[in-house]
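Structural overview
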Amino acid sequence: MKEFITPRSANLPVACSDFPPACYTTLEGEVFYMQRIALPPDAHLSVRLEDVSLADAPSVTLASQAGPVEGNVPLPFSLSYDPEQIMPGHSYAVSARIELDGELLFINTEHHGVTLDGQDPQPLRIKVDPVR
């Protein structure tokens, strides 16, 4: 992936002095699918960490990563977020999609909830299914 929309992509939390006033935490993972096919060379992967607490309102994006697919599945991702944005009692989830020229090819069809309390498995594995 080449284009990141997160403040930093690292394996460890960064020092507070790097991004005042907050320290960022990173959620690592990989996106995969079960079909034995290669993706087109111009395919793009996007992954988002969202607050999905309100059922009747749009989700709030805390971190996202988007860019061209490089290599074969599993496709790695790294989402850096501000832990100060995590609210007690809220629900958070990671979503992924693969597109080609704006057309959706794959999307996750299962909910991938995360607690963001340091106990989430890493790498987080997100399965995407083909769009028919």
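Residues numbered from 1 in each chain as written. Predicted model: local features only at pLDDT ≥ 70, side-chain atom pairs only at ≥ 80, totals over all residues. Heavy atoms only, no water.

Per an unreviewed UniProt entry, the recorded name for the protein chain is YbaY family lipoprotein, and the organism is Pseudomonas farsensis.

Take the packing of aromatic side chains next. Ring pairs (aromatic) are described by centroid distance and by the angle formed between their planes. All told, the structure shown has one aromatic pair when counted by the stated rule. A ring pair is formed by Tyr33 and Phe106, whose centres lie 4.5 Å apart and whose planes are at 20 degrees; its orientation type is stacked. With Tyr33 in the loop between strand S1 (25-32) and strand S2 (44-51) and Phe106 in strand S6 (residues 103-107), the pair connects residues that are 73 residues apart, well separated along the chain. The exposure class of Tyr33 is buried, given its relative accessible area of 6%. Note that Arg125 overlies the ring of Phe32, its terminal NZ or CZ placed 4.1 Å from the centroid. (Phe/Tyr/Trp six-rings, centres within 6.5 Å; stacked < 30°, edge-to-face > 60°. Helix = DSSP H or I, 4+ residues; strand = E, 2+ residues; numbered from the N terminus. Buried < 20%, exposed > 50% of the residue type's maximum accessible area, 1.4 Å probe, protein only. Lys NZ or Arg CZ within 6 Å of the ring centre and 35° of its normal.)

Here we come to the sheet that holds strand S4 (residues 75-81). Sheet strands associate in pairs through backbone hydrogen bonding, adopting either a parallel or an antiparallel arrangement. With mixed pairing, three strands are arranged side by side in an open sheet as S4-S1-S8. Here the strands that pair on one side only, and so sit at the sheet edges, are S4 and strand S8 (124-127). The average angle at which neighbouring strand axes cross in this sheet is 30 degrees, direction not considered. Strand direction decides the pairing type here: S1 and S4, joined by seven bridges, are antiparallel. The residue bridging Glu30 from the neighbouring strand is Pro76, located in S4. (Pairing = 2+ DSSP bridges. Axes fitted to C-alpha atoms, helices over the stretch in contact; angles between N-to-C directions.)

Further remarks concern the pattern of salt bridges. In the structure shown here, the tally under the stated rule is four salt bridges. For the salt bridge of Arg125 with Glu30, the shortest nitrogen-to-oxygen distance reads 2.5 Å. Here Arg125, found in strand S8, pairs with Glu30, found in strand S1; they are 95 residues apart in sequence, far enough to count as distant. Looking at Glu30, the relative accessible area reads 17%, which means it is buried. For Arg48, the salt bridge is made with Glu50, and the minimal N-O distance between the two is 3.0 Å. Judged by relative accessible area, which is 35%, Arg48 ranks as partly exposed. (Salt bridge = Lys/Arg side-chain N within 4 Å of Asp/Glu carboxyl O.)

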